[in-house]
Amino acid sequence: MSLLEIENLSLTIGATPILKGVELTVAPGEVVGLVGESGSGKSMTALTIMQLLPHLARAEGRVTFDGIDILGATEDQMCALRGDDIGMVFQEPMTALNPVKTIGEQVAEGIRWHAKASRAEAEDRARKILDRVGLPEAKFPLSRYPHELSGGQRQRVVIAIACALRPKLLIADEPTTALDVVLQAQILDLLRDLVRENRMGLLLISHDLAVVTEMADRLTILRHGEVTEAGDTARTLSEQQHPYTRELALASMHLPARPKPHLAGSAKPLLEVEGVGRDYPGRRKSLFRPAQPIRAVDNVSLTIEPAQSVALVGRSGCGKSTLARMILALDKPTAGTIRFRGEAITGKSEAELQPARRDMQVVFQDPYGSFDPRQKVEKLVAEPLHLLEKQPAAAERREMVAHALDEVGLGPRDMDKYPHEFSGGQRQRLSIARAIITRPKLVVADEPVSALDVSIRAQILDLFAELNQKLGIAYLFITHDLTVARAIADEVLVMHEGKIVERGKTADVLDHPRSEPARALVAAAPDLHRAIARRMQEQG
Amino acid sequence: MTAYLAKRLIIAALTLVLASMVVFAVMEVLPGDPARLMLGLNASADQVELLRNQMGLNAPLVLRYLHWAGGLLSLDFGRSYTYSVPVIDLVRERIAVSVPLALIALALSTIIAIPVGVFSASRQGRAGDTLAMGAAQIGVAVPNFWFALMLIYLFAVWLRLVPAGGFPGWGAGVWTALKSLILPAVALALPQAAILGRVARSALIEVLNEDYIRTARAKGLPYRAVLWRHALRNAMIPVLTILGLQFAFLLAGTIIIENVFYLPGLGRLIFQAITQRDLIVVESIVMLLVAAVILINLLVDFSYAIVDPRLRGRQ
């Protein structure tokens with residue numbers, strides 16, 4: 001018998017339909033993947049099972065957990081289930097823990113509540129589960145606060161809270177999306193082990209087909225609130241009967257066409273970084289001794305040629321964003337020099353930097369956060385034009401904006417809209433339009449596609465490739481995602497603890513990594529081909 | 001933690017020094033010669049000059065400031081021009097009225113505001129919330145002396161539960177003395193409570209949308225437990241900030257309220273001193289009020305560190 005059965009579940013929020021006739025089952029000890037793009041209703045399905053839906057939501061159909069009718073259950077019954085028989089892990093570990101309570105309090109709280117355990121007993125059990133999820137007492141006593149922990153460690157605490165009472169079902173909603181690939185692999189391993197130890201059912205929600213394929217026995221694909229396909233992972237993905245499944249799989253492995261590959265050594269370098277370092281003041285341990293500085297970037301040298309596309313890959317916190325900020329002259333190196341088009345940009349005044357800034361633009365990760373919501377697109381995209389020597393007149397400016405929008409696949413009518421009127425992918429197109437409007441020679445892109453759905457992400461990667469071919473823009477892609485590097489980069493630089501540890505042709509580095517950090521990254525990166533092949537063997 | 005507290009303490013001390021300079025400077029540029037005022041209009045220029053020398057008013061500005069500030073540190077505030085008694089004696093008995101009054105009002109406003117904020121936030125948009133916030137709106141808009149008059153009418157004139165004004169002194173018994181402070185404290189507290197309640201509500205609503213509230217709910221805690229155990233403490237920071245900032249207004253309110261209730265407090269003393277141009281008394285009381293505001297804000301800074309562990313590691 002199934003542990004969780006969802007039959008013909010429909011959900012509306014106000015007048016908006018969110019889910020339409022969703023069917024899903026999870027058996028004890030089984031891992032079921034729920035895949036879909038943003039807005040497909042994955043999270044709402046999870047919140048329906050937990051009965052933590054927003055106020056105006058109305059659910060119809062049947063949701064049965066362990067014989068209990070969830071949709072008909074009272075709030076008291078649900079409180080008894082939540083955290084005891086059903087645990088849940090969320091996407092964003094940085095904000096999922098209460099900042100003013102210790103991790104011990106937060107893990108023990110549920111145990112005290114459900115098991116009616118004494119404080120000492122609950123803390124004892126909290127200690128055990130924290131040990132189990134890989135947070136040993138020596139380094140992570142119960143008295144630690146969330147802000148003293150990294151993202152991966154915080155996600156372990158959230159998993160400890162969810163699994164403290166050995167739930168029958170664990171719902172994990174994008175549990176690794178905010179983490180780098182190495183941490184992702186560790187957290188997925190932990191979840192897999194917990195499933196095995198406790199014969200727990202796991203509903204794994206993800207937009208990442210490769211992750212789900214590695215983990216799930218069966219998968220359900222959601223689109224616009226409807227199940228498009230469901231079945232054994234291996235069969236579903238190898239046969240790809242439904243066109244949407246095929247679309248998702250293709251988009252996940254998409255490689256943009258770049259007919260004119262870059263020829264290394266063909267020109268003198270556009271960007272030269274020589275022995276650059278950046279120290280941050282460390283935390284003072286004693287009033288009388290000076291603080292030990294933290295070296296975020298350590299003696300880094302690299303060159304980028306015109307029209308060359310380079311990916312800088314590394315785990316979170318390795319210093320790649322700090323390096324990018326120095327290249328963009330947004331931060332000053334404590335050592336070394338950076339030359340752009342042969343001229344040093346280190347130690348220059350803002351006025352002297354203006355010509356360099358014109359030829360060097362940036363695209364950020366979050367298309368939601370990088371625009372002022374109260375300004376129109378025309379003004380937002382035209383922003384870098386103040387760097388031009390001769391300021392264009394109003395009509396000319398509109399024309400330039402229209403041209404830039406056209407180049408990224410948007411229309412001139414979009415000029416008079418506000419950012420909130422665009423989808424995530426369109427907003428990322430806007431930020432690319434803003435970056436290319438001054439005809440730069442170099443665009444630095446910091447995780448430009450990691451917030452996007454796979455199909456949108458394939459389109460944006462295509463756009464990057466096209467602009468590289470058409471306008472000869474060189475790229476520095478900063479990413480922890482090796483598929484992005486594989487899709488778009490001529491060369492890959494691997495950064496680890498502030499140093500560049502490996503550099504080479506993309507295929508060489510990704511297929512035959514030589515350094516230890518590069519090998520760790522490649523091994524941890526989810527790969528759809530590999531995952532399907534393994535599933536095929538297991539499931540026959 | 002110690003570094004954070006030490007830094008706050010130093011900042012508070014520096015603020016106090018700076019404030020004393022400003023108070024001294026303002027009093028310097030105000031028109032009116034204290035010596036002339038004390039001797040009356042008929043005094044000759046020589047007599048005035050003699051008294052000025054005696055009072056040290058002809059000494060250089062810096063020396064006079066240092067003398068005055070040094071006196072403050074040893075609680076020697078100088079002598080009142082009009083009463084010819086040490087200012088500290090005047091102030092001492094008044095403080096016994098004003099400090100309890102301010103503290104009771106502060107406590108009352110918090111005790112009223114937080115439950116109202118919690119009540120409203122947990123019923124956001126529903127009738128109870130609308131009603132509570134409508135009442136708060138009135139509380140913010142209506143001046144405290146009007147409240148005071150209404151309270152006097154209701155509780156003193158009509159119900160005859162408490163005296164309508166005056167203060168029997170602490171010698172008449174704690175309860176009797178407290179009874180005459182209740183109405184003024186309520187009148188002072190209501191507008192403060194209205195502002196604090198609104199801040200508490202909006203802070204809570206923001207916190208209730210945080211991810212960690214969802215995590216707490218997913219643990220199986222009922223909504224009320226989540227509200228009190230997880231949300232409230234996180235919402236306290238803005239509430240404490242406003243509490244500290246509003247304290248200055250609360251003190252300003254005591255000047256009016258003490259006059260309405262005929263209480264022999266600092267507020268009435270400063271009011272009289274201003275009309276009598278007893279500048280040294282004004283100066284001293286203003287410094288006391290400034291010190292009180294700085295002290296309360298220092299306590300607010302300290303309580304931040306208790307509420308939020310993230311501040312403890314910082315400097």
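Analysis parameters
- Residues numbered from 1 in each chain as written.
- Chains lettered and ligands numbered in written order.
- Predicted model: local features only at pLDDT ≥ 70, side-chain atom pairs only at ≥ 80, totals over all residues.
- Helix = DSSP H or I, 4+ residues; strand = E, 2+ residues; numbered from the N terminus.
- Rg over C-alpha atoms; globule rule 2.2 N^0.38 Å.
- Buried ≥ 20, exposed ≤ 12 C-beta atoms within 10 Å, placed from the backbone.
- Contact = placed C-beta atoms within 7 Å.
- Axes fitted to C-alpha atoms, helices over the stretch in contact; angles between N-to-C directions.
- Parallel < 35°, antiparallel > 145°, perpendicular 65-115°, else oblique.
- Left-handed = near helix turned anticlockwise from the far one by under 90°.
- pLDDT = per-residue confidence, 0-100.
- Domains from an automatic or database assignment.
- Core = buried A, V, L, I, M, F, W, Y, C linked by C-beta atoms within 7 Å.
- Pairing = 2+ DSSP bridges.

## Topic: the overall build of chain A
Step number 1: The secondary structure content of chain A amounts to 19 helices and 20 strands.
Step number 2: Over its C-alpha trace chain A gives a radius of gyration of 25 Å, about what one expects of a compact globule, namely 24 Å for 540 residues.
Step number 3: Taken over the C-alpha atoms alone, chain A extends approximately 70 × 60 × 50 Å along its principal axes.
Step number 4: Put simply, chain A has 540 residues, and 49% of those count as buried.
Step number 5: The long-range fraction of contacts in chain A, counting pairs at least 24 apart against all pairs at least 6 apart in sequence, stands at 70%.

## With respect to the packing of helix α6 (residues 181–198) of chain A against helix α18 (residues 516–524) of chain A
Helix packing geometry: the angle between the two helix axes and the distance between the axes.
All names here are of chain A.
Step number 1: One way to put it is that α6 packs onto α18 with a least axis distance of 8 Å and a crossing angle of 50°. Accordingly, the angle class assigned to the pair α6 and α18 is oblique. Where α6 crosses over α18, the two elements pack in a sense that is left-handed. Two secondary-structure elements touch here, α6 through V181, V182, Q184 and A185 and α18 through A520, L521 and A524.

## Structural notes on the confidence of the model for chain B
All names here are of chain B.
Step number 1: With 99% of its residues at a pLDDT of at least 70, chain B reaches an overall mean of 89.
Step number 2: Put simply, helix α2 (residues 34–39) is where chain B has its lowest mean pLDDT, 74, and helix α9 (residues 211–218) is where it has its highest, 94.
Step number 3: Scored by ipTM, the complex comes to 0.83, with pTM at 0.84.

## Considering the domain arrangement of chain B
All names here are of chain B.
Step number 1: Under the domain assignment used here, chain B contains domain 1 (2–73) and domain 2 (88–308).
Step number 2: A C-alpha centroid distance of 32 Å is found between domain 1 and domain 2.
Step number 3: Among the secondary structure elements, those contributing two or more residues to the side of domain 1 that touches domain 2 are α1 (2–29) and α2.
Step number 4: When residues of the side of domain 1 that touches domain 2 are assigned to their parent elements, the largest contribution, 11 residues, is made by α1.

## Brief notes about the interface of chain B and chain A
Step number 1: Listed per partner, the contact involves 19 residues of chain B and 24 residues of chain A.
Step number 2: Secondary-structure elements contributing two or more residues to the side of chain B that touches chain A are α9, α10 (223–260) and α13 (309–312) of chain B.
Step number 3: The leading source of residues in the side of chain B that touches chain A is α9(B), at 7 residues.

## Observations concerning the environment of A13(B)
Residues and elements named next belong to chain B.
Step number 1: Within the secondary structure, A13 is located in helix α1.
Step number 2: We classify A13 as exposed; it has 12 C-beta atoms within 10 Å.
Step number 3: Counting along the chain gives 278 residues from A13 to A291, while the straight-line C-alpha distance between them is 9.5 Å.

## Overview of the nonpolar core
Step number 1: L476(A) and F477(A) are the most contacted members of the largest nonpolar core, which has 233 residues in total.
Step number 2: In terms of residue count, helix α8 (residues 174–208) of chain B provides more of this core than any other element does, 15 residues in total.
Step number 3: Excluding residues that lie within four positions of it along the chain, L476(A) makes contacts with I304(A), V310(A), L312(A), A324(A), I327(A), L442(A) and V444(A).

## Points about the sheet that holds strand β12 (residues 294–304) of chain A
Residue and element names in this part refer to chain A.
Step number 1: Taken together, the 4 strands give an open sheet; going across it, the order is β12-β11-β14-β15, and neighbouring strands pair in antiparallel fashion. Pairing within the sheet leaves two strands with one partner each, and these edge strands are β12 and β15 (343–344).
Step number 2: Relative to strand β14 (residues 335–340), strand β11 (residues 271–280) is paired through 5 bridges, and the arrangement is antiparallel. Along β14, the bridge assignment pairs G277 with A335.
Step number 3: Each of β11, β12 and β14 touches helix α10 (residues 320–327); the most contacted strand, β11, lies at about 120° to it.

## Quick look at the pairing of strand β19 (residues 491–496) of chain A
Two faces, one strand: in a regular strand the side chains alternate between the faces of the sheet.
Residues and elements named next belong to chain A.
Step number 1: Counting buried residues along β19, 6 of its 6 residues qualify, which places the element largely inside the surrounding structure.
Step number 2: Burial along β19 is two-sided: the residues E491, L493 and M495 and V492, V494 and H496 are all buried.
Step number 3: Across 4 bridges, the pairing between strand β13 (residues 309–313) and β19 is parallel. Residue pairing across strands places V310 opposite E491, the latter belonging to β19.
Step number 4: For β19 and strand β20 (residues 499–505), the ladder comprises 6 bridges, and the chain directions are antiparallel. In the sheet register, V492 faces β20, and the bridge partner there is G504.
Step number 5: Count of turn residues in the β19/β20 antiparallel hairpin: 2 residues, of which E497 carries a positive phi of about 45°.

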